[in-house]
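Fold and contact review
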Amino acid sequence: MIKLLEEVDLSGYTLILPSVSVGNVGQLSVDLVIATLGLKRIGRLFDPAFIPLVGADPYDENSEDICTAVDIYVCREKKLIAIQIRSPLVKRPINFLKTVSDFISEKNISKVIILTSSFGHEKRDIQLRTAPLRYLATNTLLEQDAKTFEDLSWIALEPKPIDDFSNQTSLQIHGGGFAKILFEILQKNKVPCVVIMKYCSEGDNIPDAIELTNYFNQYAKLIDTDSELLGQFKYPCSWKFLFGNSPPKEIF
Amino acid sequence: MVSYFGEVVHPSSRAFWNDDDDDEAFHCHEDNLGFSINWTNEEPVTIKKFILIEGQIVAEFTLSCVLKDADIVGTIDNKSEKPIAKIYKIDDVYICVIDSNSELTEAGELTKTLSHLLSKIEKLYAITADHLSNLKSTEEIDSESTLKLLCSSKAAKENNFKDCILNQPNIVTGLSAGVLTYADIQDIFCIIYILYTDTFDLDSKNASPLTKLFSTLLEKPIPQFKTSGPCFFNKGNLYM
């Protein structure tokens, strides 16, 4: 169920959404974009596949608004819409993905960027020598942007052998959540879509999120590269106390 | 001794509720958990005030201090024999106590089941609890417990809660969070209260915000408030 606060003409907009994946890198990256560009919340999405979650506004400490498991934000200037997910999946997200793909079609959203990550140990020897970032684009997007990817020297996600005995290969994003399933749905619906992913390991994944945001910004050009803003992303206030409270005074 | 000596153990991620995000892992949770609301008499057409109680210490407090002689007017059932929640009625107020053994993974589906009922409610409240050590804040808390809240935009318009709003990055999960999400989407008045206590038991001091809250919500003093019973700390300190 999607509820928008107001009707917004989203035709021609770019949608970014994270897939709940290793180290929550996609979600952290969307948080950075929302906080840096000051996106405004325009709606919510409720789906029982996610654990219900509420908290105060993650981007403005003076706001009385709340955040929930899935919120929708918009930036009219940049023609950008973002869906942020803050909760893990406990069921197959079939209804959620259908709701999102129907929303994309109904609102004539022109491009979808799915941000995700994959387990670092999945990289093979040959991949260790390259940047730990890959992309996977639908045919409709490649028709218009193949040269851009080439100019950026981006590396497409390499297929992996299914087993050691046959020559069969398949595209896999191990630890990438629903990214590939949504990609396949959008590919079928002929919606231009790109999955941008980073290989990483679990830990403090803020550096991974910054790297992924910098990387996809080369393509999306959301944050002005001429300004000093690049590399100086605004951290949302929800990132405070990431490693817990300050130690109690009593211990000193 | 570890049983996986010599084996390749793939790391898991905090991002996934299950160990992995593989398709098979999602199969363990059924899509339809079969929740239903069953009323002893007729289902109410409108509900002026509905209070949802979630969490063991708040549930025990409510059952022993607020609902001692209240009638059960409905239950929320699933495939198991025991109801997942019981709905009581005091005057015009409906109080729903969620079983403390209910699983967090069921909260989304349970919210969906309750959605029909939620749309009939004028004022919806939820009360839950957590340990004070889980409250991330720069604020120094001297008292044994503190009550924080989060509310829907409709409730925020009607009240000024600024001082007691739960600050970022604290979050609430579970059915309370589910009903607040649904209420905010449907523009229903909803406030959820979170009692942060310094112990896992209640005593007369750290339960005082709860007694005040119930007196306000029920618009009368709590009739049988005693600091004895299973939900209160009543052991001596002399011997273990």
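Presented here is an overview of the structure given in this document. (Residues numbered from 1 in each chain as written. Chains lettered and ligands numbered in written order. Predicted model: local features only at pLDDT ≥ 70, side-chain atom pairs only at ≥ 80, totals over all residues. Heavy atoms only, no water.)

Take the overall build of chain B next. Of the regular secondary structure elements, chain B holds 6 helices and 9 strands. Relative to its 240 residues, chain B shows a buried fraction of 49%. Excluding contacts between residues fewer than 6 apart, the proportion of contacts in chain B whose partners are at least 24 apart in sequence is 72%. In the form shown here, chain B has an accessible surface area of approximately 12700 Å², with 49% of it arising from carbon and sulfur atoms. (Helix = DSSP H or I, 4+ residues; strand = E, 2+ residues; numbered from the N terminus. Buried < 20%, exposed > 50% of the residue type's maximum accessible area, 1.4 Å probe, protein only. Contact = heavy atoms within 4.5 Å. Areas by Shrake-Rupley, 256 points an atom, 1.4 Å probe, with all protein chains shown as cover.)

A word on the overall build of chain A. Of regular secondary structure, chain A possesses 5 helices and 12 strands. Radius of gyration (C-alpha) of chain A: 18 Å, near the 18 Å computed for a compact globule of 252 residues. Taken over the C-alpha atoms alone, chain A extends approximately 60 × 50 × 45 Å along its principal axes. When the 252 residues of chain A are sorted by exposure, 56% land in the buried category. Considering only contacts in chain A between residues 6 or more positions apart, those separated by 24 or more positions represent 75%. Here chain A displays about 11200 Å² of accessible surface, and carbon together with sulfur accounts for 50% of that area. (Rg over C-alpha atoms; globule rule 2.2 N^0.38 Å.)

Helix-helix packing is described using two parameters, namely the angle between the two axes and the distance between the axes. Residue and element names in this part refer to chain A. Look at helix 2 (residues 94-106) against helix 4 (residues 179-188): their axes get within 11 Å of each other, and the N-to-C directions meet at 40 degrees. Classified by the angle between their axes, helix 2 and helix 4 sit oblique to one another. Viewed along their axes, helix 2 and helix 4 form a crossing whose handedness is right-handed. Contacts between helix 2 and helix 4 involve L97, S101 and I104 on the former and, on the latter, I181, L182, I185 and L186. (Axes fitted to C-alpha atoms, helices over the stretch in contact; angles between N-to-C directions. Parallel < 35°, antiparallel > 145°, perpendicular 65-115°, else oblique. Left-handed = near helix turned anticlockwise from the far one by under 90°.)

In this section: the sheet that holds strand 1 (residues 2-4) of chain A. All names here are of chain A. The mixed open sheet is built from 8 strands, whose spatial order is 1-3-6-7-2-8-12-9. Two strands close off the open sheet at either side, each with one partner strand: strand 1 and strand 9 (133-137). For this sheet the average axis-to-axis angle between neighbouring strands, irrespective of direction, equals 25 degrees. Here strand 9 pairs with strand 12 (residues 193-200) via 5 bridges, running antiparallel. Its bridge partner lying in strand 12, L133 is registered against K198. Packed onto the sheet, helix 3 (residues 139-151) meets strand 8 (111-119), strand 9 and strand 12 and runs at close to 140 degrees relative to strand 9. (Pairing = 2+ DSSP bridges.)

On to helix 5 (residues 206-220) of chain A. All names here are of chain A. The first and last C-alpha atoms of helix 5 sit 20 Å apart over 15 residues, in line with the 21 Å expected at 1.5 Å per residue. Looking at the buried positions of helix 5, the neighbouring elements they touch are strand 2 (14-18), helix 1 (25-37), strand 8, strand 9, helix 3 and strand 12. Among the residues trailing helix 5, K221 stands out with phi positive, at a value near 50 degrees. (Expected span 1.5 Å × (residues − 1).)

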